[in-house]
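Examination of the molecular architecture
If you want the building blocks of each chain, they are given just below.
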Amino acid sequence: MFSSFSKNFIKFVPLALVFISSFPSFAMENYLKKITDSDGSLKRLSELKILKVGADPNLGMPYLKQENKNNFKGFEIDVSNYIAENFDCTSKIIPTNWENLFLGLEQKKYDIVISAIEEPEKKLSKYQNISFSKPYYINSYHIVTKKESKNIRIITDLKNKKVGIIDNSFGEVLISEINKQKKYNINKIKYNSIDELFSGLEKNLVDSIIIDTPIATWKCENENINCKKIGLPIYSKGYVIAIRKEDKSLVNAIDMVLSESKKNKKLNEIISKWNLD
């Protein structure tokens, strides 16, 4: 969703071995031992035994749903657990509203953010203190309308319409570019949560919305919401993990975990589990 918005590391190493190894663990996956912990971000996680993950509890299924105070489920939870397991840690979700996710990361309330964050354009990124991992999932997007709507069939039909989008999302960027290049005069209506976005559609506050295809599919097929997907996916963009730029060792380690996942197919299994393939 974010364009343009979820654990811990490593086991204790005998003191005698600290001087011959830059990594403080034998329990982590062997391929991660190649990384030099130059900034101490891996050591910090190894001491806590927890990888703290910031995530928006309002993201919704199939990505993330908070069932009670300490119980979460969804695709992003499984991804968080997978990342943590590679560092011999457990993950701990720190629920944070979408608009505060990156501020909380900068304030060190958690180690990473996994919350359907879209890979930002490097030249356009306004998050100077945050790095982003390699993509772990390639997402697509759909136009969604009410079931009875008949006047929106393709993206050109959005001309002069009110279109709901999540603030700071790909939908916002897309509409801005269309208005700039095509002069469609699409009126962007911004929302801070998925529930608010779909509520705006049902209340006729907008003519349509642009949202991630998996969320659109889940909402229209599994929840009692008056909505339908329109046409084919209109774009594809990767989901990435946000990490503080100062934690470069952690950034490199997570990228290595994601690269390894292409070999062991673990992420593919998670994607298939949630019908995201």
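All values derive from a computational prediction rather than experimental measurement.

When you tally the buried positions in strand E8 (residues 162-166), you get 4 out of 5 residues, the bulk of the element. Alignment of E8 against strand E9 (residues 187-191), held across 5 bridges, turns out to be parallel. For Gly 164, the partnering residue across the bridge sits in E9 and is Ile 189. The parallel pair E8 and E9, bridged by helix H5 (residues 170-182), forms a crossover whose chirality is right-handed. As paired strands, E8 and strand E10 (residues 208-212) are joined by 2 bridges and run parallel to one another. Note that in E10 the partner of Gly 164 across the bridge is Ile 209.

Counting across every chain of the model gives 9 aromatic pairs. When the ring of Tyr 136 is compared with that of Tyr 239, the centres are 6.4 Å apart and the planes differ by 50°; the resulting orientation is tilted. Of this pair, Tyr 136 sits in the loop between strand E6 (130-132) and strand E7 (137-145) while Tyr 239 sits in strand E12 (residues 236-244); the two residues are 103 residues apart in sequence, bridging distant segments of the chain. Here the two residues Tyr 136 and Tyr 239 agree in accessibility, since each one is buried. In textbook terms, an aromatic cluster arises when at least three aromatic residues are bridged by ring pairs, as seen for Tyr 63, Phe 75, Tyr 136, Tyr 137 and Tyr 239.

Our focus in this paragraph is the side chain of Ser 261. Along the chain, Ser 261 turns up in helix H8 (residues 248-264). One polar contact links the side chain of Ser 261 to the main-chain carbonyl oxygen of Leu 258, over a distance of 2.5 Å. Residues in contact with Ser 261, not counting those within four places in the same chain, are Tyr 82, Lys 266 and Leu 267.

Let's shift gears to the packing of helix H6 (residues 194-202) against helix H7 (residues 213-222). Interaxial distance between H6 and H7 falls to 12 Å at its minimum, and their mutual angle equals 60°. In terms of their interaxial angle, H6 and H7 are classed as oblique. Here the hand of the crossing between H6 and H7 comes out right-handed. Between H6 and H7, the contacting residues are Ile 194, Asp 195 and Phe 198 on the first element and Ile 215, Ala 216 and Lys 219 on the second.

Turning next to the pairing of E10. Within E10, 5 of the 5 residues are buried, leaving the element largely enclosed by the surrounding structure. Summarising the sheet, E7 and E10 pair through 4 bridges and their orientation is antiparallel. Each residue of the ladder has a partner; that of Tyr 141, found in E10, is Asp 212.

Any covalent bond linking the sulfur atoms of two cysteines counts as a disulfide. Summed over all chains, the structure comprises 1 disulfide. Each sulfur of the disulfide joining Cys 220 and Cys 227 lies 2.4 Å from the other. Since a negative S-S torsion denotes a left-handed disulfide, the Cys 220-Cys 227 link at about -135° is left-handed. Residue Cys 220 is classed as buried on the basis of its relative accessible area of 16%.

Moving on, we get to the nonpolar core. Residues Phe 75, Ile 83, Tyr 136 and Ile 211 are the most contacted members of the largest nonpolar core, which totals 83 residues. Excluding anything up to four places from it in sequence, Ile 211 contacts Tyr 141, His 142, Val 144, Ile 166, Ile 194, Leu 197, Phe 198 and Ala 216.

Quick look at H8 now. Here H8 spans 24 Å end to end across 17 residues, near enough to the 24 Å set by a 1.5 Å rise per residue. The complete set of buried residues in H8 reads Ser 249, Leu 250, Val 251, Ala 253, Ile 254, Asp 255, Val 257, Leu 258 and Ser 261. If you follow the buried residues of H8, they end up packed against helix H2 (41-48), helix H3 (75-86), strand E5 (112-118), E6, E12 and helix H9 (266-273). Just downstream of H8 lies Lys 265, where phi reads positive at about 65°.

For any part of a model where pLDDT is low, the fine detail of the predicted coordinates should not be relied upon. Mean pLDDT over the protein chain stands at 87; residues scoring 70 or higher make up 88%. No element of the protein chain has a lower mean pLDDT than helix H1 (residues 15-18), which averages 33, and none a higher one than strand E1 (residues 50-55), which averages 97. Low pLDDT, under 50, characterises residues 4-26; the stretch is placed with 99 contacts to residues that sit more than four places away or in other chains.

For the rest of this paragraph, the subject is the side chain of Ser 133. Considering the arrangement of structural elements, one finds Ser 133 in the loop between E6 and E7. In this structure Ser 133 comes out as buried when scored by relative accessible area, which is 4%. A polar contact is formed between the side chain of Ser 133 and the backbone nitrogen of Ile 241, at a distance of 2.8 Å. Each residue touching Ser 133, except ones within four places of it in the same chain, is listed here: Val 240, Ile 241, Ile 243, Ile 254, Asp 255 and Leu 258.

Basis of the calculations
Residues numbered from 1 in each chain as written. Predicted model: local features only at pLDDT ≥ 70, side-chain atom pairs only at ≥ 80, totals over all residues. Heavy atoms only, no water. Buried < 20%, exposed > 50% of the residue type's maximum accessible area, 1.4 Å probe, protein only. Helix = DSSP H or I, 4+ residues; strand = E, 2+ residues; numbered from the N terminus. Pairing = 2+ DSSP bridges. Right-handed = clockwise from strand over helix to strand, strands pointing away. Phe/Tyr/Trp six-rings, centres within 6.5 Å; stacked < 30°, edge-to-face > 60°. Polar contact = N/O pair within 3.5 Å; in protein donor to acceptor, adjacent residues only side chain to side chain. Contact = heavy atoms within 4.5 Å. Axes fitted to C-alpha atoms, helices over the stretch in contact; angles between N-to-C directions. Parallel < 35°, antiparallel > 145°, perpendicular 65-115°, else oblique. Left-handed = near helix turned anticlockwise from the far one by under 90°. Disulfide = S-S within 2.5 Å. Core = buried A, V, L, I, M, F, W, Y, C linked by side-chain atoms within 4.5 Å. Expected span 1.5 Å × (residues − 1). pLDDT = per-residue confidence, 0-100.

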